[in-house]
Amino acid sequence: PEILDGYVRDLLLGADGRAHMVYETYASAYYRYQTPTGWISEELPGSCLAHPSLALDAEDRPHIAAAGWCDAKVRYMYKAAGEWFTEELNVKGYHPELALDRDGQPLIAYQDRDTNAQMVARRTVWGWQAEVVDAEGGGHSSLVFGSTGEPYLAYQDELNTDLRLATLHWLREPHWTYLPIIGAQ
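Residues numbered from 1 in each chain as written. Predicted model: local features only at pLDDT ≥ 70, side-chain atom pairs only at ≥ 80, totals over all residues. Heavy atoms only, no water.

Some points on the overall build of the chain
Tallying secondary structure elements over the chain gives zero helices and 15 strands in all. Relative to the compact-globule value of 16 Å for 185 residues, the chain shows a C-alpha radius of gyration of 17 Å, a close match. The buried share of the chain, taken over its 185 residues, is 44%. Long-range pairs, those at least 24 residues apart, make up 28% of the contacts in the chain with a sequence separation of at least 6. For the chain, the exposed area adds up to about 10,300 Å²; of that, 52% sits on carbon and sulfur atoms. The chain carries 14 positive and 27 negative side-chain charges, and their two centres are separated by 3 Å. (Helix = DSSP H or I, 4+ residues; strand = E, 2+ residues; numbered from the N terminus. Rg over C-alpha atoms; globule rule 2.2 N^0.38 Å. Buried < 20%, exposed > 50% of the residue type's maximum accessible area, 1.4 Å probe, protein only. Contact = heavy atoms within 4.5 Å. Areas by Shrake-Rupley, 256 points an atom, 1.4 Å probe, with all protein chains shown as cover. Lys, Arg positive; Asp, Glu negative; His and termini not counted. Charge placed at Lys NZ, Arg CZ, Asp CG, Glu CD.)

Some thoughts on the nonpolar core
Counting 14 residues, the largest nonpolar core has V74, Y76, L89, L98, I108, Y110 and W128 as its most contacted members. If you list the elements that add at least two residues to this core, you get strand 7 (73–80), strand 8 (83–100), strand 9 (106–112) and strand 10 (118–124). If one sorts the elements of this core by residue count, strand 8 sits on top with four residues. Membership of the second largest hydrophobic core comes to twelve residues, among which are A29, L44, L49 and W84. (Core = buried A, V, L, I, M, F, W, Y, C linked by side-chain atoms within 4.5 Å.)

Digging into the state of the cysteines
Put plainly, a disulfide is one covalent bond tying together the sulfur atoms of two cysteines. One pass over the structure, following the stated rule, counts one disulfide. Between C48 and C70 runs a disulfide, and the two sulfur atoms are separated by 2.0 Å. Between C48 and C70, the disulfide has an S-S torsion of -55° and is therefore left-handed. With C48 in the loop between strand 4 (38–43) and strand 5 (49–56) and C70 in the loop between strand 6 (62–68) and strand 7, this pair connects stretches of sequence that are 22 residues apart. On the accessibility criterion, C70 (59% relative accessible area) is exposed. (Disulfide = S-S within 2.5 Å.)

Points about the sheet that holds strand 14 (residues 162–169)
With respect to topology, four strands assemble into an open sheet ordered 12-13-14-15, the strand pairing being antiparallel. The two strands at the open ends of the sheet, each matched to only one other strand, are strand 12 (142–145) and strand 15 (175–179). Between one strand axis and the next, the sheet turns by 25° as a mean value, whatever way the strands run. Pairing analysis gives six bridges linking strand 13 (residues 151–157) to strand 14, with the strands arranged antiparallel. Along strand 14, the bridge assignment pairs Y152 with T167. (Pairing = 2+ DSSP bridges. Axes fitted to C-alpha atoms, helices over the stretch in contact; angles between N-to-C directions.)

Here's what the structure looks like:
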């Protein structure tokens, strides 16, 4: 069997039950997926990529967020028609986490490199827009969408090592609400 070197960052099963994963080595990041005859591995575009996060769309096409080891730039990549496309978010951060909404639109959570704030960035018609979720700090996040389309973000306040959960509400003005995690140690 083939032995791989590196750190698995995300593992998902496609609609057909086959595995898709992203992993990183000290030099690069890779997308690897299972086929009926074995595995195919592809080096992700760009250099010095770290902490890749994987989401699959309705057609099992990969979407990946990653940050640069060298420059801390957060990037969004997706594969369409057999080709990789990359967008830079014009933000610097660590530990990106990617989720796709019901329409397949990406939302990326990350820890701001300069302020340590927990941030999210969404793609709009004007480009990527970043917003603060928690100015006190964040990192090591997990992001999902609820059944009615609202994002939920779990993360660690690295200053106090508290676990936090936030969700976006769309009342008059969109705002993040914090939900307590009782008994988190």
